[in-house]
Amino acid sequence: MTAWDDLSEGAHQMLEDFDELTLAEIAADATSSAAAIQRVRALHSPVEHRGRTICVECSAWANGSTDNPPTAHPCATIQALDGQETP
């Protein structure tokens, strides 16, 4: 007897319904999610500003100055992506 034989009929049907198309969709979603996370990380990249490492996006940094108060890097967004507690 195999592990497959031990499954209920409902579990057998679920596994049969889980076809290659579903796996392809899951893979495409994972790729799309990873790309979105990389775009967010690129927006919230670090830059040196007056002796501090700040977040480009949160600080609205451009051309050597900030429009917002400088926000330390890693910012809350990067911390959340990294699974860290945010203040």
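Just above sits the structure.
Residues numbered from 1 in each chain as written. Predicted model: local features only at pLDDT ≥ 70, side-chain atom pairs only at ≥ 80, totals over all residues. Heavy atoms only, no water.

(A) Summary view of the overall build of the protein chain. When its secondary structure is counted, the protein chain shows four helices and four strands. When contacts within the protein chain are restricted to residue pairs at least 6 apart in sequence, those whose partners lie at least 24 apart make up 17%. When the accessible area of the protein chain is evaluated, it comes to approximately 6500 Å², of which 56% is carbon and sulfur surface. (Helix = DSSP H or I, 4+ residues; strand = E, 2+ residues; numbered from the N terminus. Contact = heavy atoms within 4.5 Å. Areas by Shrake-Rupley, 256 points an atom, 1.4 Å probe, with all protein chains shown as cover.)

(B) Fine view of the pattern of salt bridges. Counted under the stated rule, the structure contains one salt bridge. Between arginine 41 and aspartate 82 there is a salt bridge, with its nearest N and O atoms 2.6 Å apart. A residue pair is termed long-range when its members are at least 10 positions apart, and arginine 41 in helix α3 (residues 20-43) and aspartate 82 in the segment after α4 (76-81) qualify at 41 residues. You can call aspartate 82 partly exposed: its relative accessible area is 40%. (Salt bridge = Lys/Arg side-chain N within 4 Å of Asp/Glu carboxyl O. Buried < 20%, exposed > 50% of the residue type's maximum accessible area, 1.4 Å probe, protein only.)

(C) View of the pairing of strand β1 (residues 46-49). By the alternation rule, side chains of β1 split into Val47 and His49, which are all buried, and Pro46 and Glu48, of which none is buried. Where β1 hands over to strand β2 (residues 52-55), the hairpin turn is made up of two residues, of which arginine 50 adopts a positive phi near 55°. (Pairing = 2+ DSSP bridges.)

(D) How the structure looks around the state of the cysteines. Summed over all chains, the structure comprises zero disulfides. Take cysteine 58: it sits in no disulfide, and the sulfur closest to it among the cysteines is that of cysteine 55, at 3.7 Å. Exposure remark for cysteine 58: the relative accessible area of 26% places this residue in the partly exposed category. Free of any disulfide, cysteine 75 has its nearest neighbouring cysteine sulfur in cysteine 55, separated by 3.7 Å. (Disulfide = S-S within 2.5 Å.)

(E) Layout of the pairing of β2. The sheet contact formed by β1 and β2 spans four bridges and is antiparallel. In the sheet register, glutamate 48 faces β2, and the bridge partner there is threonine 53.

(F) How the structure looks around unusual backbone geometry. Of the consecutive residues histidine 73 and proline 74, the connecting peptide bond is found in the cis state with omega at 10°. Tracing the backbone through its elements, the reader meets proline 74 in the loop between β4 (65-66) and α4. Its identity as a non-glycine residue notwithstanding, arginine 50 has a phi of 55°, on the positive side. Here arginine 50 shows up in the loop between β1 and β2. A positive phi angle is found at alanine 60, which is not glycine, with a value near 55°. Secondary-structure assignment places alanine 60 in the loop between β2 and β3 (61-62). Exposure remark for alanine 60: the relative accessible area of 24% places this residue in the partly exposed category.

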